[in-house]
Amino acid sequence: MLGVLYDRLADLSELPDAHLHLRRLVLELAVQGAFVPGADTSPAPLVRVGDVSEILTGTSVNAAEKELRYAGLTDGFPYIATKDVALNSGVIDYENGVKIPCDEIGFKVAPAGSVLVCAEGGSAGKKIGLTDRPVCFGNKLYAIVPNDGLIPLYLNQVIRSNSFYEQFKSQITGIIGGVSIKKFKDILIPVPSLVEQQCTIDALSNLEGHLANLERCRLSEQLARMSAVDGALAALRDSADSASLKLVWERVSSRFGGWFTDLASLKRLRQAIIDVAVRGLLLDEDASLVKETTLSALTAFGPKNGFSPRPVSGPTPTKTMSLSAITKGIFDPTAFKYVQETPPQDSDLWVEPGDILLQRANTIEYVGVSAVYTGEIGDFIYPDLIMRITPKPGVDSRFLHLALSCSKARAFMRERASGTSGTMPKVNQATVKAVPVRLPSIEQQRRVVAATEELLSFCSTLERGIEARQRDGLALLEALARRPADGGPSAGGKDAGAIDEQEGQGNSTEAAVGSGFAQKTPSSAKPVDLGHKHDDDRVFEAVLVTAVVDAFFERSPEPLGNFRLQKAVYFARRRIGDTQVNSDYLKKVAGPYNPKMRYSGGIAVAKSQGWIREARGRFGFGHIRGANAEFAQSSLELRSVASWVRDTFVLRKNDEWERLATIDYATCALGKRNDAVTPKSVLDFIRNLDVWQHKVAKLGLNEFSIESAMLELSLLFPTDLRASARVLG
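Structural notes, computed from the coordinates. Bear in mind the structure is a predicted one, so any value in this text is a computation, not a measurement.

1. Comments concerning the side chain of Ser-347
At step 1: Mapped onto the elements of the fold, Ser-347 is located in the loop between β14 (336–339) and β15 (356–359).
At step 2: Taking relative accessible area as the criterion, Ser-347 reaches 19% and is therefore assigned buried.
At step 3: Side-chain polar atoms of Ser-347 contact the backbone nitrogen of Leu-349, separated by 3.1 Å.

Put into structure tokens, the structure is as follows:
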């Protein structure tokens, strides 16, 4: 698993705030014992922090006394308050101007190598620092002085970990929010041998050094990329005509993958496209038909401010859009508030399709942002902080929106906004009316809009790819951090593949409840040795189908559709460790699918025996428990597996079922033919199948999302298909 981390560090370092996420990740792995050989088979014992350290409480000093008696002294112990401990880095400010004389009574001294932890208030459990000298400290801090069995640097790492913070957070009480020293002492921490502690410290130090090098390289590459982007966008804007623009665009578009890799550069590209479009460079045009004018000459109504009645909880017949409805330059119909007042039908407060809405007040970045209203007549009124503009006939509202969105128009409004030193600068109607507009013929306006929208649509595709890469990369970091070290069992957890016969009353195992992996990750799955077998594969499959349908029916009487039943049986067979599942399931459009199960196999047999039956529900036809379900004679183990499938997947969307089943199938297929199983090879496997090519776009598959899924699947299902014999037959 550490190999996965090292292999992906360069890619992961490109994520937003990657250095923070990666440092948090390596810290969590260190505390899990990932850097200690053999820690997966012999995890460090968990002990109370109060049993392996002395915990000191600090002393409160009011501001007046501090200033009078302790400020400006040259000798004594530094007095450390919560404000003197940095939030993320843990750096302690010893030179804060306050010292406590060495012989002062009433102050406890934390020796060098103590860990200071904020115990109450908004920074409780978050501000943590390791002292490198003796200090006195404030009453909101605990000082943890490790005993001889704890290396201070290792203790500091453990207390900064998420596992420690989650325990700390669960003990917070009171209005201010703090943890008593008694409860603090009861928090459990892993304490390996001194040799293993030092091994963890050294490995973590090496990894953090590697991360620092990556960060320096990333910043250097980012500067080079920004310089290239600056030059490319300047060349676009400086193009003399449409022919030269076309040449520049060909050069820029060929380097999209290397230049526009973040949302900020993509935003600048959008702006450059709008600027050259408004200048008339996207398409050839007849210069004699172009007019240089201002907005005031092009409007049939407005610009006019709206009205902001008091919002109510609603729902009411009247909705007023909020400022955020147009902040992105596109109308968002979900951003509104209900109001009690209903203007007359002929009121100009009602916005009509094709109107332009412009923010007359916002931060300096967003003041003057506009959007075209794409809703229905009579759906919305608009507030006082927005202006409404209705273009004259012969003026395309989408083109006018582009004209108002270009750099020249936005700068015109920002420079004339009042109150620019405040948080909400405003533009008035006179300023908006005076915005210069270059207006070609109506036919050319429409052609320009069409060409611009095509390019902006391409930018949106790039944006979705960037967002998906960032989202999936962060999910991968979370998956790596949550995964037990080297794939071993979670600390203190029960093997999710095992069945507790003493407790067995047909209840589901306690693995992965709710939405699954994002909330709780089960320990690594192992094949279940089923004692209950059948002479006929179809009969066994029918029993399994019945157990799955019955498990879902216990939770909800809503019929289980064929899509979910197919995938649920696939997941159940994989959980059992069935080596034949890949042969029985075929590569179909909706993912792994077993047609025999429906027409001659388990589903057909179970229906013929009355173990399940078809029924119509809110979402169409599916299967529910049949009148003879009790005669299916499912074993306790099989019912537990079916319940595990239900609890693990029931709250997930169909796309997630399809994504996991497809990636799992591809992983197993590659493994069976002894091919390399990597995120890239899995992606290539899916991409190279005609019937599955569409899944790459539909399910948002990329190397990050596949690697995250593979980590999850390695915990859900047996990873070595040779570990169990076929359970059918």
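2. Concerning the sheet that holds strand β4 (residues 99–100)
Sheet strands pair via backbone hydrogen bonds, and the direction of the pair is either parallel or antiparallel.
At step 1: Taken together, three strands build an open sheet; the order of strands is β4-β3-β7 and the sheet is mixed. Looking along the sheet, the strands with just one partner apiece sit at the ends: β4 and β7 (136–137).
At step 2: Bridge count for strand β3 (residues 77–80) against β7 is two bridges, and the pairing is parallel. Along β7, the bridge assignment pairs Ile-80 with Phe-137.

3. As for the packing of helix α16 (residues 562–576) against helix α20 (residues 636–649)
At step 1: Between α16 and α20, whose axes approach to 9 Å, the crossing angle comes to 120 degrees. The angle between α16 and α20 falls in the class oblique. Of the two possible hands of crossing, α16 and α20 adopt the one that is right-handed. Across the interface between the two elements, Arg-564, Ala-568, Phe-571, Ala-572, Arg-575 and Ile-576 of α16 pack against Leu-638, Val-641, Trp-644, Val-645 and Phe-649 of α20.
At step 2: The residue inventory of the contact of α16 with α20, partitioned by class, reads nine nonpolar, no polar and two charged.

4. Quick notes on helix α24 (residues 703–716)
At step 1: A rise of 1.5 Å per residue sets the reference length of α24, with its 14 residues, at 20 Å; its end C-alpha atoms lie 20 Å apart and thus fit the reference within 8%.
At step 2: With respect to burial, α24 is a largely interior element, 13 of its 14 residues being buried.

5. Comments concerning the pattern of salt bridges
At step 1: Applying the stated criterion to the full structure yields 33 salt bridges.
At step 2: Among the salt bridges present, the one from Arg-69 reaches Glu-65, with a minimum N-O distance of 3.2 Å. In this pair, Arg-69 and Glu-65 are both assigned in helix α3 (residues 63–70), four residues apart and thus about one turn of the helix distant.
At step 3: Notably, a salt bridge pairs Glu-614 with Lys-607, separated by 3.1 Å at the nearest N-O pair.
At step 4: On the basis of relative accessible area, Lys-607 is assigned to the partly exposed category, the value being 35%.
At step 5: Bridged by salt links that share partners, the residues Glu-541, Arg-573, Asp-578 and Asp-584 form one connected network.

6. Re the packing of helix α11 (residues 397–405) against helix α12 (residues 407–415)
At step 1: Here α11 crosses α12 at 60 degrees, and the two axes come no closer than 5 Å. One way to sum up the angle between α11 and α12 is to call them oblique. Between α11 and α12, the contacting residues are Ala-403, Leu-404 and Ser-405 on the first element and Ser-407, Ala-409, Arg-410 and Met-413 on the second.

7. What about the nonpolar core?
At step 1: Counting 57 residues, the largest nonpolar core has Val-545, Val-548, Phe-571, Phe-649, Ile-663 and Ile-686 as the members making the most contacts within it.
At step 2: Those elements giving two or more residues to this core turn out to be α15 (537–555), α16, α19 (602–608), α20, α21 (654–672), α22 (679–687) and α24.
At step 3: Examining the composition of this core, we find that ten residues originate from one element, α15, more than from any other.
At step 4: Residue contacts for Phe-571: discarding those within four places in its chain leaves Trp-644, Val-645, Phe-649, Trp-657, Leu-660, Ala-661 and Phe-717.

8. Describing the pairing of strand β5 (residues 115–118)
At step 1: Where burial is concerned, the two faces of β5 agree: the one with Val-115 and Val-117 and the one with Leu-116 and Cys-118 are both buried.
At step 2: Here β5 runs beside strand β6 (residues 128–130); their pairing, made up of three bridges, is antiparallel. Paired with Val-115 across the strands is Leu-130, a residue of β6.
At step 3: As paired elements, β5 and strand β8 (residues 141–146) share four bridges and run antiparallel to each other. Following the sheet pairing, Val-115 is matched in β8 by Ile-144.

9. A look at unusual backbone geometry
At step 1: Residue Pro-303 follows Gly-302 across a cis peptide bond; omega there is 5 degrees.
At step 2: Position of Pro-303 among the secondary structure elements: in strand β11 (residues 299–305).
At step 3: Of note in this structure, Asn-674 is not a glycine but carries a positive phi near 60 degrees.
At step 4: Turning to its location among the elements, Asn-674 is positioned in the loop between α21 and α22.
At step 5: Classification of Asn-674 by relative accessible area gives exposed; the value is 71%.

10. Quick word on the environment of Lys-140
At step 1: The topology assignment puts Lys-140 in the loop between β7 and β8.
At step 2: Lys-140 sits in the partly exposed class, given a relative accessible area of 39%.
At step 3: Sequence-wise, Lys-140 and Ala-119 are 21 residues apart; in three dimensions their C-alpha atoms are separated by 5.6 Å.
At step 4: Beyond its immediate sequence surroundings of up to four residues, Lys-140 is in contact with Thr-82, Val-117, Cys-118, Ala-119 and Glu-120.

11. Re the packing of aromatic side chains
The relative placement of two aromatic rings is captured by the distance of their centres and the angle of their planes.
At step 1: Summed over all chains, the structure comprises 20 aromatic pairs.
At step 2: Between Trp-644 and Phe-717, the aromatic rings sit 6.0 Å apart at their centres with planes inclined by 70 degrees, giving edge-to-face as the arrangement. Remark: Phe-717 occurs in the segment after α24 and Trp-644 occurs in helix α20; sequence separation between them is 73 residues.
At step 3: A residue is classified by how much of its surface remains accessible, and Trp-644, at 1% relative accessible area, is buried.
At step 4: These aromatic residues form a ring-pair network of at least three members: Phe-552, Tyr-570, Phe-571, Tyr-585, Trp-644, Phe-649, Trp-657 and Phe-717.
At step 5: Positioned over the ring face of Phe-563 is Lys-567, at 4.4 Å from the centre of the ring.
At step 6: Here Arg-575 stacks its cationic end above the ring of Trp-644, 4.0 Å away from the centre of that ring.

12. Quick word on the environment of Val-367
At step 1: Position of Val-367 among the secondary structure elements: in the loop between β15 and β16 (370–372).
At step 2: Classification of Val-367 by relative accessible area gives buried; the value is 0%.
At step 3: If we skip the residues at most four places from it in the chain, Val-367 touches Gln-359, Arg-360, Ala-361, Asn-362, Arg-410, Arg-414, Pro-425, Lys-426 and Val-427.

Cut-offs applied
Residues numbered from 1 in each chain as written. Predicted model: local features only at pLDDT ≥ 70, side-chain atom pairs only at ≥ 80, totals over all residues. Heavy atoms only, no water. Helix = DSSP H or I, 4+ residues; strand = E, 2+ residues; numbered from the N terminus. Buried < 20%, exposed > 50% of the residue type's maximum accessible area, 1.4 Å probe, protein only. Polar contact = N/O pair within 3.5 Å; in protein donor to acceptor, adjacent residues only side chain to side chain. Pairing = 2+ DSSP bridges. Axes fitted to C-alpha atoms, helices over the stretch in contact; angles between N-to-C directions. Parallel < 35°, antiparallel > 145°, perpendicular 65-115°, else oblique. Left-handed = near helix turned anticlockwise from the far one by under 90°. Contact = heavy atoms within 4.5 Å. Nonpolar A, V, L, I, M, F, W, Y, C, P; charged D, E, K, R; others polar. Expected span 1.5 Å × (residues − 1). Salt bridge = Lys/Arg side-chain N within 4 Å of Asp/Glu carboxyl O. Core = buried A, V, L, I, M, F, W, Y, C linked by side-chain atoms within 4.5 Å. Phe/Tyr/Trp six-rings, centres within 6.5 Å; stacked < 30°, edge-to-face > 60°. Lys NZ or Arg CZ within 6 Å of the ring centre and 35° of its normal.

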